[in-house]
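Residues per chain are reported as follows:
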Amino acid sequence: MDDIIYVASVFHDVTKGIEPYQETGSVLVKSLLKDECSQEQLEFISDIIALHNIRNHEELPYYIKLVQDADMLDHFGTMEIWMKFLNSAHGEEHVLEAVQFWESEEYNSYLKKSRGQLNYDRSKSIFDAKLKFEQQFQERFKAECNGEVDFN
């Protein structure tokens, strides 16, 4: 299943922006990979893509849960910081608005919900490590923005 999981992971957001993207992606991947995979492999790959963002369903097979967790974890740590600044720049926000967002109840609820949607203890451990890094960065960022860091 490693190759199938890998391929599904690569293609899981292939139609992101064409909603419902998980459904359109699961159909498109069959066409894209028809000459590369067996029909059985295509069905597994398509199913993983179709279900990769359906959370908290105990009956899903491990390989779908694995892709779900990898997809979720990819949104945190350095990627979270990058995405926040990218979105802030696009929205013409001031740098301190990022700090305000990271300190908001909305963000804390998002973190709690996201962690709760992870399927495996190892995934939660990775999430916690990524979150620790984010929090250290956020504290340093806030301190520098407020002129509180002594560089001597």
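This text goes with the structure placed above it.
What comes next concerns the included structure. (Residues numbered from 1 in each chain as written. Predicted model: local features only at pLDDT ≥ 70, side-chain atom pairs only at ≥ 80, totals over all residues. Heavy atoms only, no water.)

## Points about the overall build of the protein chain
Regarding its fold elements, the protein chain presents 8 helices and 0 strands. Along the chain direction, N to C, the helices and strands of the protein chain fall in the order α-α-α-α-α-α-α-α. Relative to the compact-globule value of 15 Å for 152 residues, the protein chain shows a C-alpha radius of gyration of 19 Å, a clear excess of over 25%. Once the C-alpha set of the protein chain is aligned to its principal axes, its extents read approximately 60 × 35 × 30 Å. Contacts in the protein chain between residues far apart in sequence, at least 24 positions, make up 54% of those at least 6 positions apart. Counting only carbon and sulfur atoms, one obtains 53% of the accessible surface of the protein chain, whose full area is about 9700 Å². Of note, the protein chain has its 15 positive side-chain charges centred 4 Å away from the centre of its 29 negative side-chain charges. (Helix = DSSP H or I, 4+ residues; strand = E, 2+ residues; numbered from the N terminus. Rg over C-alpha atoms; globule rule 2.2 N^0.38 Å. Contact = heavy atoms within 4.5 Å. Areas by Shrake-Rupley, 256 points an atom, 1.4 Å probe, with all protein chains shown as cover. Lys, Arg positive; Asp, Glu negative; His and termini not counted. Charge placed at Lys NZ, Arg CZ, Asp CG, Glu CD.)

## With respect to the packing of aromatic side chains
Under the definition given, this model contains 12 aromatic pairs. Where F76 meets F127, the ring centres are 4.8 Å apart and the plane angle is 65 degrees; that geometry is what we call edge-to-face. Here F76 is found in the loop between α4 (62–73) and α5 (78–90), whereas its partner F127 is found in helix α8 (residues 121–145), with 51 residues between them in sequence. Residues F76 and F127 agree in their burial class; the two are buried. When the ring of F85 is compared with that of F137, the centres are 6.1 Å apart and the planes differ by 75 degrees; the resulting orientation is edge-to-face. Remark: F137 occurs in helix α8 and F85 occurs in helix α5; sequence separation between them is 52 residues. (Phe/Tyr/Trp six-rings, centres within 6.5 Å; stacked < 30°, edge-to-face > 60°. Buried < 20%, exposed > 50% of the residue type's maximum accessible area, 1.4 Å probe, protein only.)

## Quick notes on α4
Spanning 12 residues, α4 covers 16 Å between terminal C-alpha atoms, matching the ideal 16 Å at 1.5 Å per step. Summarising burial for α4: 9 of the 12 residues are buried, a large majority. Within α4, burial applies to Y63, I64, K65, V67, Q68, D69, D71, M72 and L73. Contact partners of the buried residues in α4: α1 (2–11), α3 (39–51), α7 (105–116) and α8. (Expected span 1.5 Å × (residues − 1).)

## Digging into the side chain of S26
Considering the arrangement of structural elements, one finds S26 in helix α2 (residues 21–32). Polar side-chain contacts of S26 include one of 2.9 Å to the backbone oxygen of E23. (Polar contact = N/O pair within 3.5 Å; in protein donor to acceptor, adjacent residues only side chain to side chain.)

## A look at the environment of I45
In this fold, I45 is placed in helix α3. Residue I45 is classed as buried on the basis of its relative accessible area, which comes to 1%. Taking the C-alpha atoms as reference points, I45 and I18, separated by 27 residues in sequence, lie 19 Å from one another. Not counting residues up to four positions away in its chain, the partners in contact with I45 are I4, V7, A8, V29, L33 and C37.

## Some details on the side chain of S46
Residue position: S46 is located in helix α3. Classification of S46 by relative accessible area gives buried; the value is 5%. Reaching out from S46, the side chain makes a polar contact with the backbone oxygen of S26 at a distance of 2.9 Å. Look past the residues within four positions of S46 in its chain and what remains in contact with it is S26, V29 and K30.

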